[in-house]
Every structure is written in C-alpha cells, then in structure tokens.
Amino acid sequence: MTIQTSDADDSRSGKKNVGAILFACNINAVRSAMAEAMVKVTFPKEIFVDSCGVAPGNPDGFAIAVMAEIGIDMGAHQPKSFDDLDSEFYDVIISFSPEAHAAAVELTQSMDCETLYWPVDNLAELTGSRDERLRAYRHVRDDIQSKLEKYLNKPVAVKT
C-alpha cells in the first residue's frame with residue numbers, strides 16, 4: 001500500500017505515492033528515530049519505514065521521554081548507520097542534517113528514490129537544565145510532527 005503525499009517544500013509541485021520511507025540524521029537517536037516512530041504508529045502496515053544515521057549513536061533518554069508524552073514507546077529503538085540498513089528499496093529518504101542528506105544523495109545515485117532535506121534543530125550540543133532540554137526536545141518532536149503531517153496529508157502520532 002502507498003500513501004499519497006503533498007509537498008513539505010513549497011518550491012516543488014505535485015504529489016507522490018510513498019510506500020517506503022527512510023529517515024536519516026547524524027546518529028539516529030533523536031530526529032530520525034522520532035520520525036520513524038511517528039510514521040510506524042500512524043501508518044502501521046501501510047508504509048515501510050526505517051531510520052539511520054551517518055554513524056550510529058546511543059539511545060537518547062530525552063527523546064524517549066518526550067515521545068512517551070505523546071504515547072509512543074521508543075525504548076526499544078537501537079540506533080544504526082546507513083551501513084546497517086536491511087533494505088535499499090525506498091521511495092523517499094528524508095534527512096534532517098546536511099551530513100545525512102549528503103549520505104542519502106550518495107546512496108541514491110543508482111536508485112529511483114527521492115531525497116529530501118528537512119532542516120530540524122540538532123540537539124547534540126544542547127546544554128541547560130532538565131526542563132530546558134525537555135522543552136528543546138519537545139520543539140524538535142513537534143517540528144518533525146508538523147512537517148510529517150504536511151507531507152503525509154494526515155495527523156501524525158496523535159494520542160488516542
């Protein structure tokens with residue numbers, strides 16, 4: 001099954017059917033992992049979804065906590081890199097960092113796969129109190145959720 005998308009980037013026009021999405025960022029612990037979890041919850045058995053990083057990181061407790069706030073359990077997520085992917089059959093790769101986008105473009109040179117870059121805040125060097133950090137993670141979560149809703153034409157990861 002595929003989902004008809006709209007354009008998250010207003011500079012392009014047209015719609016596309018998407019059945020497989022790969023999300024990519026630097027270490028696959030926050031942004032790409034959040035996006036993967038949101039799509040899995042919203043489109044179970046409709047869209048094949050995976051995520052990876054330029055390099056694999058470690059699970060991120062703040063990401064797990066803010067996703068739990070919206071009813072999504074990311075506790076079992078194990079970060080992986082592009083080299084660890086099980087599939088190379090994606091309709092679109094959505095990257096959240098310039099480094100991941102460059103890796104996606106490299107990967108898709110001989111594939112019929114669209115690559116999109118959605119700039120989203122990188123929280124790797126984030127400092128501050130626990131409350132300040134959680135606010136920043138919530139902002140990133142909500143930013144990704146908004147972009148996905150626009151792209152996939154459906155409310156994403158809504159608590160039920």
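Keep in mind that what you see is a predicted model, and the values were worked out from it rather than measured.

(A) View of the overall build of the protein. Looking only at helices and strands, the protein has 4 helices and 6 strands in total. Secondary structure elements of the protein occur, N-terminal to C-terminal, as β-β-β-α-β-α-β-α-β-α. Burial analysis of the protein (160 residues in total) assigns 48% to the buried set. A separation threshold of at least 6 residues defines the contact pool for the protein, and within that pool the share at least 24 residues apart is 69%. Put simply, the protein shows about 8,200 Å² of open surface, and 49% of that area lies on carbon and sulfur atoms.

(B) Looking closely at the packing of aromatic side chains. Overall, the coordinates contain 5 aromatic pairs when judged by the stated rule. An aromatic cluster is present here, built from Phe-23, Phe-96, Trp-118 and Tyr-151 joined pairwise through their rings. The positively charged end of Lys-154 is found above the aromatic ring belonging to Phe-43, 5.0 Å away from the centroid.

(C) The packing of helix α1 (residues 31-42) against helix α4 (residues 130-152), seen in detail. It is the contact of α1 with α4, at a shortest axis distance of 10 Å, that shows an interaxial angle of 50 degrees. Judged by the inter-axis angle, α1 sits oblique to α4. α1 and α4 meet at a crossing whose hand is right-handed. Residues Arg-31, Met-34, Ala-35, Met-38 and Val-39 of α1 lie in contact with α4, whose contacting residues are Tyr-137, Val-140, Arg-141, Ile-144, Gln-145, Leu-148 and Leu-152. Looking at side-chain class alone, the contact of α1 with α4 contains 9 nonpolar, 1 polar and 2 charged residues.

(D) Spatial organisation of helix α2 (residues 61-68). Phe-62, Ala-63, Val-66 and Met-67 are the residues of α2 that are buried. Axial view of α2: buried residues confined to an arc of 130 degrees, hence all on one face. For α2, the elements touching its buried residues are α1 and α4. The N-capping residue of α2, defined by a side-chain oxygen 2.9 Å from the backbone nitrogen of Phe-62, is Asp-60.

Parameters at a glance
- Residues numbered from 1 in each chain as written.
- Predicted model: local features only at pLDDT ≥ 70, side-chain atom pairs only at ≥ 80, totals over all residues.
- Heavy atoms only, no water.
- Helix = DSSP H or I, 4+ residues; strand = E, 2+ residues; numbered from the N terminus.
- Buried < 20%, exposed > 50% of the residue type's maximum accessible area, 1.4 Å probe, protein only.
- Contact = heavy atoms within 4.5 Å.
- Areas by Shrake-Rupley, 256 points an atom, 1.4 Å probe, with all protein chains shown as cover.
- Phe/Tyr/Trp six-rings, centres within 6.5 Å; stacked < 30°, edge-to-face > 60°.
- Lys NZ or Arg CZ within 6 Å of the ring centre and 35° of its normal.
- Axes fitted to C-alpha atoms, helices over the stretch in contact; angles between N-to-C directions.
- Parallel < 35°, antiparallel > 145°, perpendicular 65-115°, else oblique.
- Left-handed = near helix turned anticlockwise from the far one by under 90°.
- Nonpolar A, V, L, I, M, F, W, Y, C, P; charged D, E, K, R; others polar.
- Arc of directions from axis to C-beta.
- Polar contact = N/O pair within 3.5 Å; in protein donor to acceptor, adjacent residues only side chain to side chain.

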